[in-house]
Amino acid sequence: EYDLELSSGARLSEFEARVRGHEALWIGPEGELVIETAAGPLVQPAPIAWRAGDGEAVECRFELRGADACGFALAPVSSPVCSDPMLRFSTYLTGEYEQEVRSLAQGPYGVVFAAGTTFSIDFPTTLGAFDPFYNGGTDGFVACLSGDGTTLLWSTLLGGSGDDSIHSVRVTSGGSVVVGGTTASADFPTTQGALQASFGGAQDAFVARLEGSGTALEWSTFFGGPLAERFGELELAANGDVVLCGGTRGGLPASPGALDASYNGGPFFGDAFVARLRADGAARVWCTYLGSTGDELALRIALDASEAVAVSGTSYTALFPTSASAFARAFSAPSDAWIARLDAQGSQLVHSTFLGGSGEESVLDLALEPAGSVVCVGEARSADFPLEQALDASFEGDSEGFYARIAPAGDALERSSFLGGRDTDRVTALAFDALGRIVLGGDSLSPDLPTSVGAWSPQPNTSAGGMEREVFLARLPPTLDALEYLTYFGSRQADRLEALVLDASGEPMFGGVTYGPGLPVSAGAFQPTWNVRALSQGYVSRL
């Protein structure tokens, strides 16, 4: 794959690529270049092009130059142009005011599910959707996009008259869509027979399951006590049960035999919690507190093959329970990140450890490897953050992104490194491909991230001076001892990456929020232009 960057006045028509060893060369119905070989077709997606200054799309297509050559045909333009056949798709997802994509999931037949929060009365919904109309405050949304980003297959809002937000979306083996988040709406829609049909008070977590068509709720339940809850993340067990985590100020009914059946306290966030709900949303399988008399919050969760739970979060106290063999038992900052493992019944703490230095740290995503190691990523604000065989040991700016691998027993830091430049950086998401390589996503103020040869965007697109964050994507081998690829992706305004998933072929789909025009969008994208009245827009892209 390749990028072509043209200065003003350059002629793309003079570029030509020759093909050798092929059987035929042709252009497909979607504008793709097809090179027939004895081993099957090699396909390059239809190119997109945009003006370098403002990201405005420019008409561009492949052009055959005989039986063994091809080039590009480009509409006349007067400013520098970038042409790129590597962007599968990129689209805004927005109404007229504020929205953010917070979670993505790969669905059947290549579709993409995006979920998040909107404050727009005109957020795009579809005919027959469960809830097509804005309810007030902020609403959660779930949108289903075609695999090429050109079509909104269905889209629904989900909320009540207060503030509602969706933090997680997952797809069951049967094609239903499970979402979870936080609501301050007493009239949030719940279903008959749900575990908790009535609002607990102040702010509750919620979990809901939609039909795969987005037309109806299969079930929906509050999950909260009389004070405030914060939703972290959810994952699906093999039988469809929902495992979730978050924070609570108390009043959750812990289950018999739970690791910690009593609320411990905390003046602000209270305790972390971890729970498992039955696949029909009608009952709690188990629920446990996880905390101390200080403040804790659980933010990310993952399941291993036996459905034991890995969970991470933030602690503001040295009293958070750690295990005797943990590699870091000492609390060393105003707040520390922590990573814990629970058994599949929520009754035993397998191990628990802090992860941090003398500043403040946040684990922003985690995943489990088949061998049992926990890989986590996040943001470190400590020059003395624990590093192990680091590729990047330099702490610069206000914060550094990081990645770390923790041994299955929680007793050793197998590898840990910063990932950043000379300004503020964070790594917000990770995923593993079929070969065990780790794909990372984040956002950065640094203009000097170590981009790779052939990167989609080797330089940031933000304005001079580094005042705006820009998204980046990176890939490391299973050993985490090299940087195979790193590229920027963004506009001249601030962009953030909040969600990342890989498709079956390992291609990254990512989304988040952007605060101005100029984000690269693909030809035929569902929403190709910036809404001039919007303060922020969601986006979904695929490289």
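Source: prediction; values computed, not measured.

Let us look at the overall build of the chain. Of regular secondary structure, the chain possesses 0 helices and 38 strands. The C-alpha atoms of the chain give 24 Å as radius of gyration, which agrees with the globular expectation for 543 residues (24 Å, within 12%). Dimensions of the chain, computed from C-alpha atoms along their principal axes, come out at roughly 75 × 55 × 45 Å. Buried positions account for 58% of the 543 residues belonging to the chain. For the chain, long-range pairs separated by at least 24 residues make up 63% of all intrachain contacts whose partners lie at least 6 apart in sequence. About 20300 Å² of surface is accessible on the chain, with carbon and sulfur atoms providing 51% of the total. Between the mean site of the 30 positive side-chain charges and the mean site of the 67 negative ones, the chain shows a separation of 2 Å.

Okay, the pairing of strand 32 (residues 425–432) next. Here strand 32 lies mainly inside the structure; 7 of its 8 residues are buried. Summarising the sheet, strand 32 and strand 33 (residues 438–444) pair through 7 bridges and their orientation is antiparallel. Following the sheet pairing, Ala429 is matched in strand 33 by Gly441. The turn linking strand 32 back onto strand 33 is made up of 5 residues, and Gly436 within it adopts a positive phi angle of 85°.

All right, on to the packing of aromatic side chains then. Two aromatic rings, taken as a pair, are described by how far apart their centres are and by the angle between their planes. Throughout the structure, instances matching the rule amount to 21 aromatic pairs. Clustering of aromatic rings is evident, with ring pairs tying together Phe188, Phe199, Phe206 and Phe222.

Along the chain, Ser522 falls in the loop between strand 37 (508–514) and strand 38 (537–542). A relative accessible area of 6% places Ser522 in the buried class. Contacts of Ser522, omitting those with residues within four sequence positions, involve Ile48, Phe89 and Ser90.

A few words on the sheet that holds strand 34 (residues 470–476). Reading across from one edge, 32-33-34-35 is the order of the 4 strands in this open sheet, with antiparallel pairing throughout. Looking at the sheet topology across the chains shown, the edges are occupied by strand 32 and strand 35 (485–489). Strand after strand, the sheet turns through a mean of 20° between neighbouring axes, direction not considered. Of the strand pairs in this sheet, strand 33 and strand 34 are connected by 7 bridges, and their pairing is antiparallel. Within strand 34, the residue paired with Ile438 across the bridge is Leu476.

On to the environment of Asp148, then. Topologically, Asp148 is positioned in the loop between strand 14 (139–145) and strand 15 (152–158). Within the structure, the side chain of Asp148 is placed 2.7 Å from the side chain of Ser146, a separation counted as a polar contact. Only 2.8 Å separates the side chain of Asp148 from the side chain of Thr150, close enough to count as a polar contact.

Trp456, Phe489, Leu497 and Phe510 are the most contacted members of the largest nonpolar core, which has 22 residues in total. Among the elements that take part in this core, strand 36 (residues 495–502) stands out by supplying 3 residues, more than any other.

One water molecule sets the probe size; rolling that probe over the atoms shows where empty space is left. Computed from the structure, the second largest pocket encloses a volume of approximately 740 Å³. Lining the second largest pocket are 35 residues, and of these Ile48, Arg88, Ser522, Ala523 and Gly524 lie nearest its centre. Of the residues belonging to the lining of the second largest pocket, the class tally is 18 nonpolar, 8 polar and 9 charged.

It is worth spelling out the pattern of salt bridges at this point. Oppositely charged side chains are able to pair whenever their charged atoms sit close together. Tallied over the full model, the rule gives 24 salt bridges. We note a salt bridge from Asp433 to Arg437, for which the minimum N-O separation is 2.6 Å. By sharing partners, the salt bridges in this structure join Glu16, Arg18, Glu63, Arg65 and Asp68 into a single network.

One non-glycine residue with positive phi stands out, namely Gln389, at about 50°. Secondary-structure assignment places Gln389 in the loop between strand 29 (374–380) and strand 30 (400–406). Even without being glycine, Leu480 reaches a positive phi, approximately 60°. Mapped onto the fold, Leu480 is located in the loop between strand 34 and strand 35. Since its relative accessible area comes to 1%, Leu480 is described here as buried.

Turning to the sheet that holds strand 21 (residues 242–248), a few remarks are in order. Read across the sheet, 4 strands follow the order 20-21-22-23 without closing on themselves; strand pairing throughout is antiparallel. A strand with exactly one partner marks an edge of an open sheet, and here the two such strands are strand 20 (229–236) and strand 23 (284–290). On average, each strand axis in the sheet is inclined to that of its neighbour by 15°, with strand direction left out of account. Pairing analysis gives 7 bridges linking strand 21 to strand 22 (residues 271–277), with the strands arranged antiparallel. What sits directly across from Gly246, in strand 22, is Phe273.

For the rest of this paragraph, the subject is a nonpolar patch on the surface. A contiguous nonpolar patch, built from Tyr97, Phe119 and Leu535 and spanning about 260 Å² of accessible area, is present on the exposed surface. Residue position: Tyr97 is located in the loop between strand 11 (89–93) and strand 12 (99–106).

Conventions we followed
Residues numbered from 1 in each chain as written. Predicted model: local features only at pLDDT ≥ 70, side-chain atom pairs only at ≥ 80, totals over all residues. Heavy atoms only, no water. Helix = DSSP H or I, 4+ residues; strand = E, 2+ residues; numbered from the N terminus. Rg over C-alpha atoms; globule rule 2.2 N^0.38 Å. Buried < 20%, exposed > 50% of the residue type's maximum accessible area, 1.4 Å probe, protein only. Contact = heavy atoms within 4.5 Å. Areas by Shrake-Rupley, 256 points an atom, 1.4 Å probe, with all protein chains shown as cover. Lys, Arg positive; Asp, Glu negative; His and termini not counted. Charge placed at Lys NZ, Arg CZ, Asp CG, Glu CD. Pairing = 2+ DSSP bridges. Phe/Tyr/Trp six-rings, centres within 6.5 Å; stacked < 30°, edge-to-face > 60°. Axes fitted to C-alpha atoms, helices over the stretch in contact; angles between N-to-C directions. Polar contact = N/O pair within 3.5 Å; in protein donor to acceptor, adjacent residues only side chain to side chain. Core = buried A, V, L, I, M, F, W, Y, C linked by side-chain atoms within 4.5 Å. 1 Å grid on protein atoms, 1.4 Å probe; cavity = no way out; pocket = protein on both sides within 12 Å on 5 of 7 lines; lining within 4 Å. Points joined across faces, edges and corners; volume = space filled by probe spheres on them. Nonpolar A, V, L, I, M, F, W, Y, C, P; charged D, E, K, R; others polar. Salt bridge = Lys/Arg side-chain N within 4 Å of Asp/Glu carboxyl O. Patch = residues over 30% accessible without salt bridge, like charges linked within 9 Å, V, L, I, M, F, W, Y side chains within 5 Å.

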